[in-house]
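Geometric and topological summary
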Amino acid sequence: MSVMTNFKGIIPAIAVPFNADHSIDEAELSRYAAWLGKRRGIVGIMTNGHTGEVFSLTAKERAEVTRIVAKALAGICPTISSVVCEGIKDGIEHALMAKEAGATALDIMPPHHWLRFGFKREHCLDYFSAIGEATRLPLIVHVYPAWTRASFSSDLLAELARLDHVQAFKIGTREMNKYARDIKAIRAAAPHKALLTCHDEYLLASMVQGVDGALVGFASLIPDLIYDLFAAVTAGDLKLAMKLQGMIDPLKDAVYGGGEPTGEAHGRMKAAMQVAGVIRDATVRPPTHAPSAEEMAAIRAAVAAAGLTVQAAA
């Protein structure tokens, strides 16, 4: 199996359609993944991210989602799987299951007990090195917000950039001074490795920092608008970029409100995807709830204003 080599562009973190009984809708996920993979500027699709409601999926279901998506994307674009585990042993196990299912790269989230207890530099380096050595797949470093105890220092990010298996960074620092420092540190350590914003809620502000693309759940809903925005930024056309961000803003407000992505925000985005015709059913897994009537009204208005209705062909 070949591995993913190009990480520069737009990578949607894919949502997972469910049936009414909360089982995975394989046919709809396959159809949707193939449609999404063919959108302009898409260089890969990531399964098992937060947008994919990863915490509601069992280990076997995570591998199954990757298998379904990888099969649907054969000959279209590569499949990446996110790995979110609590230790090296289960991290390797999940990563190998993802590889067997067809993943050609891995996005590595920090173990979530680090959010409570913090971590040492060696913990992080050991975790990434062990998964990289076990799978021999390229790794994306999933950078958590600066306000969390799982935040990586700029110096640690530079060390990670020097690891052979690490090929890209999904940067969600969400504190712009540190974001700028992080980008500078990674570029100095490994200029050729890909820097991808994952700031769904302020795309333009994060793209103009000189990144190589975006790895965001929001691209599950608006891949074309996000690609056009990135293309405008890359071309230095700020006027067009501001216009495109202005089209995105009502959708961003309806989905994310005034804050960062959350489980409920992912539910609102799924609802917007259904309204826009991207997926057929917006069912979410508990404990996430469907949007309220008031939220649905805002979602419908934002989708209509952006001209997204029935954008996805069957």
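Rules and cut-offs
- Residues numbered from 1 in each chain as written.
- Predicted model: local features only at pLDDT ≥ 70, side-chain atom pairs only at ≥ 80, totals over all residues.
- Heavy atoms only, no water.
- UniProt positions renumbered as here; feature names shortened; annotations may be inferred.
- Helix = DSSP H or I, 4+ residues; strand = E, 2+ residues; numbered from the N terminus.
- Buried < 20%, exposed > 50% of the residue type's maximum accessible area, 1.4 Å probe, protein only.
- Lys, Arg positive; Asp, Glu negative; His and termini not counted.
- Salt bridge = Lys/Arg side-chain N within 4 Å of Asp/Glu carboxyl O.
- Polar contact = N/O pair within 3.5 Å; in protein donor to acceptor, adjacent residues only side chain to side chain.
- Core = buried A, V, L, I, M, F, W, Y, C linked by side-chain atoms within 4.5 Å.
- Contact = heavy atoms within 4.5 Å.
- 1 Å grid on protein atoms, 1.4 Å probe; cavity = no way out; pocket = protein on both sides within 12 Å on 5 of 7 lines; lining within 4 Å.
- Points joined across faces, edges and corners; volume = space filled by probe spheres on them.
- Nonpolar A, V, L, I, M, F, W, Y, C, P; charged D, E, K, R; others polar.

- An unreviewed UniProt entry lists the protein under the name Dihydrodipicolinate synthase family protein, from Bradyrhizobium ontarionense.
- The UniProt entry for the protein carries the following comment under Sequence similarities (unreviewed entry): "Belongs to the DapA family."

**What about the side chain of Asp25?**
- Mapped onto the fold, Asp25 is located in the loop between β1 (10–12) and α1 (26–37).
- Salt bridges are absent for the buried Asp25, whose nearest opposite-charge side chain, Arg280, sits at 6.7 Å.
- Side-chain polar atoms of Asp25 contact the backbone nitrogen of Glu28, separated by 3.1 Å.

**Thoughts on the nonpolar core**
- Formed by 57 residues in total, the largest nonpolar core has its most connected members in Phe218, Leu221, Ile222, Ile226, Leu229 and Leu251.
- Each residue touching Leu229, except ones within four places of it in the same chain, is listed here: Leu203, Leu204, Met207, Ala241, Leu244, Gln245 and Ile248.
- Counting residues in hydrophobic clusters, the runner-up holds 36 residues, among them Ala103, Tyr144, Ala150 and Val166.

**Describing the layout of surface pockets**
- By volume, the largest pocket amounts to about 660 Å³.
- Considering the residues around the largest pocket, the lining is formed by 33 residues, among which His50, Phe55, Pro261, Thr262 and His266 are closest to the centre.
- By residue class, the composition of the lining of the largest pocket is 14 nonpolar, 13 polar and 6 charged.

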